[in-house]
Amino acid sequence: MEPSTSGTAGVGTQATRRKLSGYEFYREVLGSPKYVVAPMVDQSELAWRRLSRRYGAHLVYTPMINAKMFTDASNNTFRNANFDIPSGEEGALSSDRPLVAQFCANNAEQLLTSAKVLEPYCDAVDLNLGCPQDIAKKGRYGSFLQDEWELIYTLINTLHKNLSIPVTAKFRVFPTIEKTVEYAQMLERAGAQILTCHGRLREQRGQNTGVADWQKIRAVKQSVSVPVFANGNILFQSDILRCLEETGCDAVMSAEGNLYNVALFNGLPESLPTPFVAPPTPSISIPDSSSSSSSQPQSLSSSISIIPPTHPAHPSNPSYYSDSSILLRHPRSADIALEYIAIVKSLKTRTVVSAIKGHLFKILLPALTKEVDLRERLGRAKVGERPKDEAGWGGWLGEYVEIVEELKGRTENAEQEAAKDGTIPLKDLITIDPNTGFEVMPYWLLQPYWRKAPSPQPQSKNTGQGEAKEGEKE
């Protein structure tokens, strides 16, 4: 999807224009995006945004920025680390739009001051109301503001009234549909022009992540008049299509799904008939082990109707399991790792080493699980931050490149052996996870990651029977 230029004049400038809102903004400025990369601390940096766009992302968000710290104009180190304006690449119309800048905050004045700095370099400013981590609790932001509705209203409304670009909000659900809907309606009244609903509770994180509730997301979509993005339960491409059908949302946002498989959106239709009108559906649940014998796991259900069965991305299409189609959705991980490193090295904008190493471990996770010595080498590798002298950039990250190229050679040999020199198709190398019924790709391909559920705790005779999850989606 080509980003629209009708809503922005260019990096560092802001044309005099009418401020658009809701669906007008969604269509005319953002270009009606369907596939969205979530804001991720230390992970949705410029290099990753560029890679994600190459593989089908329509819209991306910056990592969450702490508004309180970003307010300090004298702290150039913090500012440039979070959004490098001087380098001229972040927010560039030619390569980094459409873009939403996300902030966390609990003070309206600090939030507005920080948002004003990035106003010329993005298409909207998003308020993080979803972060469930302990640092958010300590800092009083993210999902730990969700009981302070007056404050949230003030934060959003201040941006709505004082920015020349729209304000949006990303939030988590409450235990009941009723309160979730009431919350979403309050966010809309405050001025949020797009809502991203993450269908998990604040308590659902880490090993207790569990399954996102698409019923609540659907209820939010039906209760507001602004576009809604659905977030949660996205592992495979077919999950994107099912999510758009079952929630009726305008777009799907992915976080972990994108990190482990940057090609998650690759090959999907450029446009889709959203909001999709469909009858209510049962609650979404992870398939149990009894479904693992099926040749078509739940995530690849052929009941998808948002695209025709003739489309190559439809699981019913005869070409869906051809080698070329599988590699479109699940490219070879070593190739993607090298492509990412090349992007990092090509940028003036500095990418911190912690982000680079984090991406490499996620991209290469299945292969590194097999090649343990290379996993240990990557963990020990100390490449240091990029040299200040541009002349030294060429050799920077050389140790990472060496490790990935060694891994590439090993996995190519493994693929050749497993495929019997091309006589066995990739589809015959796909297995089914016995606990979840999910497809497991050959280990040299990009693929989703799901956490094993914690073992159920012993229950007394007076308690109800708990139900353990067999797997977890984003």
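Please refer to the structure placed before this passage.
The paragraphs below set out a description of the structure included in this document. (Residues numbered from 1 in each chain as written. Predicted model: local features only at pLDDT ≥ 70, side-chain atom pairs only at ≥ 80, totals over all residues. Heavy atoms only, no water.)

1. Some details on the overall build of the protein chain
So, point 1. Check the secondary structure of the protein chain and you find 17 helices and eleven strands.
So, point 2. Sorting the 474 residues of the protein chain into buried and exposed places 56% on the buried side.
So, point 3. If you sum the accessible surface of the protein chain, you get close to 19,800 Å²; carbon and sulfur atoms cover 50% of it. (Helix = DSSP H or I, 4+ residues; strand = E, 2+ residues; numbered from the N terminus. Buried < 20%, exposed > 50% of the residue type's maximum accessible area, 1.4 Å probe, protein only. Areas by Shrake-Rupley, 256 points an atom, 1.4 Å probe, with all protein chains shown as cover.)

2. Details of the pairing of strand 5 (residues 124–129)
So, point 1. Most of strand 5 sits out of view: six of its six residues are buried.
So, point 2. In the classification by handedness, the crossover that spans strand 4 (residues 99–104), the intervening helix 5 (residues 108–118) and the parallel strand 5 is right-handed.
So, point 3. The pairing of strand 5 with strand 6 (residues 167–172) spans five bridges and is parallel. In the strand pairing of strand 6, L129 is matched with F171. (Right-handed = clockwise from strand over helix to strand, strands pointing away. Pairing = 2+ DSSP bridges.)

3. Topic: the side chain of H330
So, point 1. Within the secondary structure, H330 is located in the loop between helix 12 (323–329) and helix 13 (333–346).
So, point 2. Among the residues examined, H330 registers a relative accessible area of 6% and is labelled buried.
So, point 3. Only 2.9 Å separates the side chain of H330 from the backbone oxygen of L446, close enough to count as a polar contact.
So, point 4. Beyond its immediate stretch of four places on either side in the chain, H330 contacts F236, N261, M441, L445, L446, Q447 and P448. (Polar contact = N/O pair within 3.5 Å; in protein donor to acceptor, adjacent residues only side chain to side chain. Contact = heavy atoms within 4.5 Å.)

4. Structural notes on the packing of helix 13 against helix 14 (residues 353–363)
So, point 1. Put simply, helix 13 and helix 14 touch, their axes get as near as 9 Å, and they point 165° apart. As judged from the angle between their axes, helix 13 and helix 14 are roughly antiparallel. Crossing angle aside, the handedness with which helix 13 passes helix 14 is right-handed. Two secondary-structure elements touch here, helix 13 through S333, I336, A337, Y340, I341 and V344 and helix 14 through A355, I356, H359, L360 and I363.
So, point 2. Classifying every residue of the contact of helix 13 with helix 14 by side-chain character gives nine nonpolar, two polar and no charged. (Axes fitted to C-alpha atoms, helices over the stretch in contact; angles between N-to-C directions. Parallel < 35°, antiparallel > 145°, perpendicular 65-115°, else oblique. Left-handed = near helix turned anticlockwise from the far one by under 90°. Nonpolar A, V, L, I, M, F, W, Y, C, P; charged D, E, K, R; others polar.)

5. So, the packing of aromatic side chains
So, point 1. Within the structure shown, the criterion is met by 15 aromatic pairs.
So, point 2. Considering the side-chain rings of F171 and Y183, the 5.5 Å spacing of their centres and the 85° angle between planes classify their relative orientation as edge-to-face. Here F171 is found in strand 6, whereas its partner Y183 is found in helix 8 (residues 177–190), with twelve residues between them in sequence. In this pair, the class of F171 matches that of Y183, namely buried.
So, point 3. Every member of this aromatic cluster is reached through a ring pair, and the members are W149, F171, F174 and Y183.
So, point 4. In this structure, R79 packs its charged tip against the face of F70, placed 5.0 Å from the ring centre.
So, point 5. The ring of Y320 carries the charged tip of R329 above its face, separated from the ring centre by 3.7 Å. (Phe/Tyr/Trp six-rings, centres within 6.5 Å; stacked < 30°, edge-to-face > 60°. Lys NZ or Arg CZ within 6 Å of the ring centre and 35° of its normal.)

6. Brief notes about the side chain of D96
So, point 1. Relative to the assigned elements, D96 resides in the loop between helix 4 (76–82) and strand 4.
So, point 2. For D96, a relative accessible area of 0% puts it in the buried group.
So, point 3. Only 2.9 Å separates the side chain of D96 from the side chain of R49, close enough to count as a polar contact.
So, point 4. Sequence-distant contacts of D96, defined by excluding residues within four places in its chain, comprise L46, R49, R53, E89, E90 and G91.

7. Quick look at the nonpolar core
So, point 1. In this structure, L187 and Y400 are the most contacted members of the largest nonpolar core, which totals 131 residues.
So, point 2. In terms of residue count, the dominant contributor to this core is helix 13 (seven residues).
So, point 3. Beyond its immediate stretch of four places on either side in the chain, L187 contacts L129, I152, I156, A169, F171, A192 and L195.
So, point 4. Grouped together as the second largest cluster of nonpolar side chains are five residues, M64, C131, A136 and Y141 included. (Core = buried A, V, L, I, M, F, W, Y, C linked by side-chain atoms within 4.5 Å.)

8. Quick notes on the pattern of salt bridges
So, point 1. If you walk through the whole model with that rule in mind, you get 21 salt bridges.
So, point 2. One salt bridge in this structure joins R49 and E90, with 2.8 Å as the shortest N-O distance. Placement of the pair is R49 in helix 2 (residues 46–54) and E90 in the loop between helix 4 and strand 4, with a sequence separation of 41 residues. Taken individually, R49 and E90 each receive the classification buried, so the pair is uniform in this respect.
So, point 3. Salt-bridge contacts for E371 lead to R410; the nearest nitrogen and oxygen are separated by 2.9 Å. Here R410 lies in helix 17 (residues 398–418) and E371 lies in the loop between helix 15 (365–370) and helix 16 (372–380), a separation of 39 residues in the sequence.
So, point 4. When its relative accessible area of 23% is taken as the criterion, R410 is described as partly exposed. (Salt bridge = Lys/Arg side-chain N within 4 Å of Asp/Glu carboxyl O.)

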